[in-house]
Structures are given as C-alpha cells and as structure tokens.
Amino acid sequence: MKTAMVSTICIGVVLVGCMTHTVWEGRAICERELEKTLAKAVTQTVEEVMEEQCFGVEHKNEFVAAFLQRFIQCSEHDVDMTVRVLSADPVNGLLDIEVCEKPIFLGRIQSEITVRKTVVFDRPAT
C-alpha cells in the first residue's frame, strides 16, 4: 500500500511538471511568433508607405489601416488580440504599435502576451 501511494504521488508530480513545461514552452513560442509577425508587419508597412509603393496614404487612419491589413496577412494563428496604436505619423514614417494576445493553453489556461514595436523610417541621404 505504501508503494502505491508513493508511486501515485510521483506520477502526479511528473504530470504537473509536464503540464507546467508545456504551458511555459507554448507561451514562449507564441511570444516569439508575435514578435516576428509584428516586426515584419510594421517594417513592411512603413517601408511601403515611405517609398510610395503603396496606395496614397496621407492620413493617420489610412496608415493604421495599411498596418492592420499587413498584420492580418502576416499572422499565422487565430487568437484574441488587441492592437493599440501608440503613435502613427505617415509624413515622418513613425509607427509605434503594441499588440496584446491572449492564447489558451491545455484548453483552460489563458495567458496574456504583450509585444511593442516602434519603427522610424530612415531616408537615405541624397
């Protein structure tokens, strides 16, 4: 009987350890993907707008819409996200974005991941 109790406790500890590792690893993977996607979307949007390869963006709202469109295209997974535009200036090529993502792990555990990216377009000297 004593051996059965010790075995049950050891198995429980191992299972809890595996679940904890799965959640932490999943969170790290989601954070890396979000950072990569946000960096790509912000950089491409600012470059397109400043190099005038994109449709005519003259106002802040059009600039933000162009970013959101690019971000949705680059995003690979389906989770609840909140996008905050901290600063957007299409004239000077400044875009400061914060994205908060709420993935769910193991069917129950919800985590919150926040990533911020700022890009300033550097025009080459002529």
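Here, every reference points to the structure presented above.
The model shown is predicted, which means the values in this text are computed figures rather than measured ones. Position numbers for residues start from 1 in each chain and track the written sequence from start to end. Whole-chain, interface and lining totals are the exception, using all residues; otherwise, since this is a predicted model, local features are given only for residues with pLDDT of at least 70 and side-chain atom pairs are given and counted only at 80 or more. Note: side-chain values were computed over all heavy atoms of the structure, leaving out hydrogens and water.

Participant: Give me the lowdown on the nonpolar core, citing residues and values where you can.
Facilitator: To form a nonpolar core, buried Ala, Val, Leu, Ile, Met, Phe, Trp, Tyr and Cys residues must be joined to one another through side-chain atoms within 4.5 Å. Throughout, exposure labels follow a simple rule: accessible area from a 1.4 Å probe, protein chains only, divided by the maximum for the residue type, with under 20% read as buried, over 50% as exposed, and the rest as partly exposed. Grouped together as the largest cluster of nonpolar side chains are 23 residues, with contacts concentrated most on Leu-38, Val-42, Val-46, Phe-67, Phe-71, Leu-95 and Ile-97. Secondary structure elements follow DSSP: runs of H or I no shorter than four residues count as helices, runs of E no shorter than two count as strands, and numbering proceeds from the N terminus. It is helix α1 (residues 2–50) that contributes the most residues to this core, nine residues altogether. Contacts were defined at the residue level, with two residues in contact if any of their heavy atoms lie within 4.5 Å. For Leu-38, the residues in contact, after removing those within four places along its chain, are Phe-67, Phe-71, Ile-97, Val-99, Val-115, Arg-116 and Lys-117.

Participant: Can you break down α1 residue by residue, with the values?
Facilitator: Look at α1: 72 Å from first C-alpha to last across 49 residues, which is about the 72 Å you get at 1.5 Å a residue. Looking only at α1, the buried set comprises Val-23, Gly-26, Cys-30, Leu-34, Thr-37, Leu-38, Ala-41, Val-42, Thr-45, Val-46, Val-49 and Met-50. Multiplying one less than the number of residues by 1.5 Å gives the expected span of a helix.

Participant: Explain the packing of aromatic side chains to me, using residue names and the numbers behind them.
Facilitator: Two aromatic rings from Phe, Tyr or Trp, using only the six-membered ring of Trp, form a pair when their centres are within 6.5 Å; if the ring planes differ by under 30 degrees the pair is stacked, by over 60 it is edge-to-face, and anything between is tilted. Summed over all chains, the structure comprises one aromatic pair. Measuring from centroid to centroid gives 5.7 Å for Phe-67 and Phe-71, while their planes differ by 25 degrees, and the two rings are stacked. Of this pair, Phe-67 and Phe-71 both sit in helix α2 (residues 60–74), four residues apart, which is roughly one turn of that helix. Looking at Phe-67, the relative accessible area reads 0%, which means it is buried.

Participant: Help me get a handle on the sheet that holds strand β2 (residues 94–102), residues and values and all.
Facilitator: Strands were regarded as paired on the criterion that DSSP finds at least two bridges between them. Taken in spatial order, the three strands line up as β1-β2-β5 in an open sheet, and their pairing is antiparallel. Looking at the sheet topology across the chains shown, the edges are occupied by β1 (80–89) and β5 (113–120). Pairs of neighbouring strands in the sheet enclose a mean axial angle of 10 degrees, with direction left out of account. When β1 meets β2, the two strands line up antiparallel, connected through nine bridges. Residue pairing for β2: Asp-80 is matched across the bridge by Lys-102. Against the sheet, α1 contacts β2 and β5, and its axis sits at roughly 25 degrees relative to β5. The convention used is that axes are lines fitted to C-alpha atoms, helices contributing only their stretch in contact, and that angles between N-to-C directions extend from 0 to 180 degrees.

Participant: Explain the environment of Glu-76 residue by residue, including any values.
Facilitator: Looking at the element boundaries, Glu-76 is found in the loop between α2 and β1. For the pair formed by Glu-76 and Leu-34, sequence separation is 42 residues and the distance between their alpha carbons is 9.3 Å.

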